[in-house]
Amino acid sequence: MNPKTPPQPPSQGLSPPPPQVASPPPGAGRRLYALLRAQITDGVLPAGARAPSTRALAAEWGVSRTTVTAVYEQLAAEGYLMTSGGRVARVAWPQGGTVAPRPRPVGDVVAAAPRLSALGQRVQAMAAQLPPSWASVPFDFRYGALASADFPVLTWRRALKAAGLNPSPRLSYAPPEGEPSLRQALQGYLQRARGLRCDADQIVVVQGSQQGIDLCARLLLQAGDRFAFEDPGYLMARRCFEATGAHCAPVPVDAHGLDTEQLPLGPSVRLAYVTPSHQFPLGGVLPITRRQALLSWAQAQQAWVVEDDYDGEFRYGQRPIDALQSIDHEGRVIYVGTFSKALSPQLRLGYLVLPPALVPVFREAKRLSDRHAPVLEQRAVASLIDSGAYERHVRRVRRDNERRRSALLAAAERYLPANAQLAGLAAGLHLVLWLPDWGPQDEDHVALAARQIGVGIYPVSPLYSRPDRPMPAGAPQRAAGFILGYASLSVAQIEQGMRALGLFLSSGAGRP
């Protein structure tokens, strides 16, 4: 067949015309024919795609290559494939377009309601409550995102290559708690950078801090328990805890973080989740008196404290605050760390520093969950820490982000309305913008309207667990709030984005 003049496909991509050659052979050949034709008409193999080689299919199906060749000839005669001597068979490009995927029949398959566990039912309900997934825009102040240019590509490539060139004597499953080299490197780094006191044996490497939080939820909470949670706070952590059937006991935050005087009491309170070094999202830093009060509460309650130190390395103008774990003398704090903010969220590497009593159960839970985190990446990160390259990288990125932060503050001063307020300025990779001219009920509308001019800002209301959303002290009452991340933008993009946002807000275009 001439590949430049493919045959016309079956009418409407449904039933093919009568074959012009003999039917495919019976048995395995006919089943293979039916499978390939269905994949083409359903769009699994799109027009122009390479068909599997006859040799590979023959080996996979346990049939002769002659049988596979007969199937391909049948499909070619019906207009589904283009074949010619010495060339790879491809799905046909029909005249005037591509093979249209076959519409699935309606009514011949009855979709049964899924039978879910209690956990599955709670997760299903949460899926319907998630905030909208915003598409990217030119000036996207998305928090949690980093600039690609900040990633140390050459340094990482060398470290990863070195890890690959020094493999283990055999390929087998690694220890669930992580590579010894990374845990040993982390022990020294965390003591230097965050003031932690721990042994390498207390560290469990996880696939991002989110997995660490999920392990805490599944191992420390059960249905009917209560957990103390910052309000507002990190939504994905709250969802992990609520998925167990435990109930959120929201604790207000102010300019200094969690209000420890309002911590819940009672035997059902088993855990508190906090971000003491940089409260998410409002930015408060928990002072020493509240830290001591929180630890005293945990000891009295026999409760655990999950300390999420998601961006504690990024504090500007002074040394980063030591972690809460550094003053825990009773073994009540579980420290959650991550490489997502300093290296990349796509790396999916984080770690837990556990009280010794919890190490065995967390190791086994990690083994049951996914065996272990990727080994080569762990060894590469360990070499970066051991060589000092990681800390040099953190210092450089901290300087870059301080420039971005300064640019955002200066642009806000120039372009935003005079009564706009910014919170959480001293640390981290994001700010919170309060707009007194709008209310909480306007946040989604303002965010959507801002996206129409290419500016991405993110409502703060979904991070509150209480519908009345009490405002923190010092913030304008009943104001619309938005999170502005700046780590993924250049200084020029921040300037342009804030100018566009200021013109938009001043015009009143975002009013419903």
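For the structure, see preceding data.
Before going into details, it helps to say that this report is about the structure given with it. This structure is a prediction, so every number in the text was calculated from the model and none was measured.

Cut-offs used in this document
Residues numbered from 1 in each chain as written. Predicted model: local features only at pLDDT ≥ 70, side-chain atom pairs only at ≥ 80, totals over all residues. Heavy atoms only, no water. Helix = DSSP H or I, 4+ residues; strand = E, 2+ residues; numbered from the N terminus. Contact = heavy atoms within 4.5 Å. Core = buried A, V, L, I, M, F, W, Y, C linked by side-chain atoms within 4.5 Å. Buried < 20%, exposed > 50% of the residue type's maximum accessible area, 1.4 Å probe, protein only. Pairing = 2+ DSSP bridges. Phe/Tyr/Trp six-rings, centres within 6.5 Å; stacked < 30°, edge-to-face > 60°. Lys NZ or Arg CZ within 6 Å of the ring centre and 35° of its normal. Salt bridge = Lys/Arg side-chain N within 4 Å of Asp/Glu carboxyl O. Expected span 1.5 Å × (residues − 1). Arc of directions from axis to C-beta. Axes fitted to C-alpha atoms, helices over the stretch in contact; angles between N-to-C directions.

### A word on the side chain of Ser340
Piece 1. Mapped onto the elements, Ser340 comes out in the loop between strand E10 (333–338) and strand E11 (350–353).
Piece 2. The residues contacting Ser340, other than those within four sequence positions of it, are Leu146, Pro345, Arg348 and Leu349.

### A look at the nonpolar core
Piece 1. Membership of the largest hydrophobic core comes to 65 residues, with the highest contact counts inside it found for Phe339 and Met498.
Piece 2. With eight residues, the single largest contributor to this core is helix H12 (residues 389–415).

### Details of the pairing of strand E16 (residues 480–485)
Piece 1. With respect to burial, E16 is a largely interior element, six of its six residues being buried.
Piece 2. Neither face of E16 is open: one carries Ala480, Phe482 and Leu484, the other Gly481, Ile483 and Gly485, and all of them are buried.
Piece 3. Strand direction decides the pairing type here: strand E13 (residues 430–435) and E16, joined by six bridges, are antiparallel. Bridge pairing in E16 places Leu431 opposite Leu484.
Piece 4. Note that strand E15 (residues 458–459) and E16 share two bridges and pair antiparallel. When the bridges of E16 are listed, Tyr458 appears paired with Ile483.

### Quick notes on the packing of aromatic side chains
Piece 1. Per the stated rule, a full pass over the model turns up 14 aromatic pairs.
Piece 2. Between the aromatic rings of Tyr143 and Phe280, the centroid separation amounts to 5.5 Å while the plane-to-plane angle is 50 degrees, which identifies the pairing as tilted. Linking Tyr143 in the loop between strand E3 (139–140) and helix H5 (153–165) with Phe280 in the loop between strand E8 (269–274) and helix H9 (288–301), this pair joins segments that are 137 residues apart in sequence.
Piece 3. Residue Tyr143 is classed as partly exposed on the basis of its relative accessible area, which comes to 29%.
Piece 4. Here a set of aromatic residues connected by ring pairs shows up, and it is made of Tyr143, Tyr234, Phe280, Tyr310 and Tyr458.
Piece 5. For Arg332, the ring lying beneath its charged end belongs to Trp304, and the centroid distance is 4.8 Å.
Piece 6. Arg371 extends its terminal NZ or CZ atom over the ring of Tyr173, reaching a point 3.9 Å from the ring centre.

### Some words on the pattern of salt bridges
Piece 1. Summed over all chains, the structure comprises 19 salt bridges.
Piece 2. Across the salt bridge formed by Asp254 and Arg290, the nearest N and O atoms sit 2.8 Å from each other. Here Arg290 lies in helix H9 and Asp254 lies in strand E6 (residues 247–254), a separation of 36 residues in the sequence.
Piece 3. Since its relative accessible area comes to 17%, Asp254 is described here as buried.
Piece 4. Take Arg290: its relative accessible area is 15%, and that puts it in the buried class.

### Some remarks on H9
Piece 1. Here H9 contains 14 residues, and its C-alpha end-to-end distance of 20 Å stays within 8% of the 20 Å for a straight helix at 1.5 Å per residue.
Piece 2. Those residues of H9 not exposed but buried are Arg290, Arg291, Leu294, Leu295, Trp297, Ala298 and Gln301. Looking straight down H9, one finds that the buried residues subtend no more than 155 degrees of arc, so they occupy a single side. Facing away from the buried surface of H9 by more than 90 degrees, the exposed residues are Thr289 and Ala300.
Piece 3. If you follow the buried residues of H9, they end up packed against strand E5 (226–231), E6, strand E7 (257–258), E8, strand E9 (304–308) and E10.
Piece 4. Downstream of H9 by a residue or two, Gln302 has a phi angle that is positive, lying close to 55 degrees.

### Looking at the sheet that holds strand E12 (residues 421–423)
Piece 1. With antiparallel pairing, four strands are arranged side by side in an open sheet as E12-E13-E16-E15. Since the sheet does not close on itself, it has two edges, and those belong to E12 and E15, each with one partner.
Piece 2. Along the sheet, helix H13 (residues 443–452) makes contact with E15 and E16, crossing E16 at roughly 45 degrees.

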